[in-house]
2 protein chains.
Amino acid sequence: MINTGTRLQQVKTHLLNYISQNKLKRNDQLPSEASIAKTLGVSRNTLREAYISLENEGIIMRRHGVGTFVANSPLIRDSLNDFAPFAQIIKDGGYTPSFKTISVERITPPVDVYKTLNISPADQVRRIKRIVLADEKPVIYIEDYLSPLVQAEVPDWSQFNGKMVDFLAAALNTRLQQIQSNIRAAALSSQISQYLEKEVGTPVLSVRSTIYTVDNQAVSYSQIYFESDIVELNIVRMIRTH
Amino acid sequence: MINTGTRLQQVKTHLLNYISQNKLKRNDQLPSEASIAKTLGVSRNTLREAYISLENEGIIMRRHGVGTFVANSPLIRDSLNDFAPFAQIIKDGGYTPSFKTISVERITPPVDVYKTLNISPADQVRRIKRIVLADEKPVIYIEDYLSPLVQAEVPDWSQFNGKMVDFLAAALNTRLQQIQSNIRAAALSSQISQYLEKEVGTPVLSVRSTIYTVDNQAVSYSQIYFESDIVELNIVRMIRTH
DNA sequence: CACAAGAGATTGGACGTCCAACCTCCTACA
DNA sequence: TGTAGGAGGTTGGACGTCCAATCTCTTGTG
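The sections below set out a description of the structure shown in this document. These numbers come from a predicted model, not from an experiment.

What to know about the packing of aromatic side chains
All names here are of chain A.
Consideration 1: According to the stated counting rule, one finds six aromatic pairs over all chains in the structure shown.
Consideration 2: Geometrically, the ring pair formed by Y141 and Y195 is stacked, given 5.0 Å between the ring centres and 5° between the ring planes. Of this pair, Y141 sits in strand β6 (residues 137–146) while Y195 sits in helix α7 (residues 190–196), and the two are 54 residues apart along the sequence. For the pair shown, Y141 and Y195 are each scored as buried.
Consideration 3: Here the aromatic cluster, defined as three or more aromatic residues joined through ring pairs, consists of Y141, Y195 and Y225.
Consideration 4: Its end group placed over the ring of F69, R63 keeps NZ or CZ at 5.5 Å from the ring centre.

A few points about the protein's contact with DNA strand D
Consideration 1: Neighbouring DNA strand D are 24 residues, the closest being R7(A), N45(A), T46(A), H64(A) and R62(B).
Consideration 2: Note that a base oxygen of DNA strand D is positioned 3.0 Å from one of the side-chain N or O atoms of H64(B).
Consideration 3: Among the elements of the structure, α1 (7–21) and α3 (44–56) of chain A together with α3 (44–56), β2 (60–63) and β3 (67–70) of chain B are those that each provide at least two residues to the surface near DNA strand D.
Consideration 4: When residues of the surface near DNA strand D are assigned to their parent elements, the largest contribution, three residues, is made by α3(B).
Consideration 5: Of the residues in the surface near DNA strand D, the class split is four nonpolar, 13 polar and seven charged.

Thoughts on the packing of α1(A) against α3(A)
All names here are of chain A.
Consideration 1: Closest axis-to-axis distance for the α1/α3 pair is 9 Å, and the angle between their directions is 60°. On the basis of the axis angle, α1 is oblique to α3. The crossing of α1 and α3 is right-handed. Contact with α1, carried on its side by L8, V11, K12, L15 and L16, involves T46, L47, E49, A50, Y51, S53 and L54 of α3 and no other residues of that element.
Consideration 2: For the contact of α1 with α3, the class distribution of residues is eight nonpolar, two polar and two charged.

Observations concerning α3(A)
Owing to its 3.6 residues per turn, the α-helix brings residues three or four apart onto one side.
Residues and elements named next belong to chain A.
Consideration 1: In a regular helix each residue adds 1.5 Å, so 13 residues correspond to 18 Å; α3 covers 18 Å between its end C-alpha atoms and thus fits that length.
Consideration 2: Among the residues of α3, L47, A50, Y51, S53, L54 and E55 are the ones counted as buried.
Consideration 3: Positive backbone phi, approximately 80°, marks G58, located one or two places after α3.

Considerations on the protein's contact with DNA strand C
Consideration 1: Taken together, 25 residues surround DNA strand C, and among them E33(A), R62(A), R7(B), N45(B) and T46(B) come closest.
Consideration 2: What you see for DNA strand C is that sugar and phosphate hold 64% of its atoms within 4 Å of the protein.
Consideration 3: In this structure, a base nitrogen belonging to DNA strand C sits 3.0 Å away from a side-chain N or O atom of R44(A).
Consideration 4: S43(B) places a polar main-chain atom, nitrogen or oxygen, 3.1 Å from a phosphate oxygen of DNA strand C.

Criteria and cut-off values
- Residues numbered from 1 in each chain as written.
- Chains lettered and ligands numbered in written order.
- Predicted model: local features only at pLDDT ≥ 70, side-chain atom pairs only at ≥ 80, totals over all residues.
- Heavy atoms only, no water.
- Phe/Tyr/Trp six-rings, centres within 6.5 Å; stacked < 30°, edge-to-face > 60°.
- Helix = DSSP H or I, 4+ residues; strand = E, 2+ residues; numbered from the N terminus.
- Buried < 20%, exposed > 50% of the residue type's maximum accessible area, 1.4 Å probe, protein only.
- Lys NZ or Arg CZ within 6 Å of the ring centre and 35° of its normal.
- Near = heavy atom within 4 Å.
- Polar contact = N/O pair within 3.5 Å; in protein donor to acceptor, adjacent residues only side chain to side chain.
- Nonpolar A, V, L, I, M, F, W, Y, C, P; charged D, E, K, R; others polar.
- Axes fitted to C-alpha atoms, helices over the stretch in contact; angles between N-to-C directions.
- Parallel < 35°, antiparallel > 145°, perpendicular 65-115°, else oblique.
- Left-handed = near helix turned anticlockwise from the far one by under 90°.
- Contact = heavy atoms within 4.5 Å.
- Expected span 1.5 Å × (residues − 1).

See below:
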């Protein structure tokens, strides 16, 4: 068994490998909690938590009195149940992803930005404009606003994988606590239309995310626009009646 | 303590009541796991699961070595972390919700509907068209397609609270397993524009949800259009680095 | 042959215990 | 006075145990 992370993580990794190595498909049954627990040398409790966690992620289904089964192919998992970076989402959709950083600059923040980041209007923030391309076609436009609290530099924005959380976690001393996201539909503005190469007024998915530290400090505010013809958000929610 | 549901549910209900009764605000500290467990007469394990569950719902934050705190006001919780019915979402936004059922009819299903429900094109399905109003202004348009497997009638659609899951759970013998939702931006079509009373082409949030039973039978397919000026989706995700 | 009862397997729920990791704050010592 | 270190409280993680609830399949009985 893999020796990194908590035992729960190790068990989850093992199970995911088990599913892919045995080429298990939707509705294929997994071994019982007791038997896997014995095989891996962990308590049934721990194994059960791994099963529950995977069920919450929409990968398996557990059925009382019957057994545990594969739900969906892990390949079509989505961006909101986990923190899959953009590259993965696009790859999963069968496209080749690439990134392009348009600009990195220090600016005086717009109203919504300094209000959200809870800083003074005079404070300078860093704005990073990027686009994500699928097979060379721009599909996502990203504007990140970094609070002055974030000093670290990204060595190479063009290699940045799109997971702002990972960058911030490494750049800050303080722990991150949560991401609040807001999803709405918007009409493509003229400024952004040049990047997404779509007509002004085209409906796009607008996601605004704020990342907070454990001290409730907002450290990053991102506006993301999804070209809705190719990229879409998917969510799987389990229904438990018990 | 309340005597309904599992002990975990009872504990969660107790904690929610505790927060609202003591008018706890963001960052207010909750009693430690050990002390509440003792007070309620449950094991620390059970209480911990309740705390974890509430954290996943974005209601509280737990901080290793420090304590547990209130995250957001439970009032601004959203539609994707839990299954809040539309009425609640609108009420939370400070509006008065009302419902209007436009039509309930048996029809021959469109392609995407019979494909999703996995039935024959000749099978008849029930289509329910409804709108949700906030302060008399239409803000959500809903088209539900019920599989022929669902025989039960809703006694009064106008009183229906918008939770299709609850209705289906009661109407079917089989257990429900999961909801798959797909979110994208769309331009308002002419048919729907008459209900949402907005110009054709206005960007709207389009959410398509399919409800599956434990047998992987799709039993309901819904297309929901959100008027994005008033209604929006919010998601809170906790970041755990451990 | 039909159907009810029961055995066996599986997940669901809860408890009690133990130690690790983490954070805060106070105290003692240089 | 400043700082290192430790005490004490809190959450994190894992284990082992017990019984309930649910489902399937076999077996026995009318």
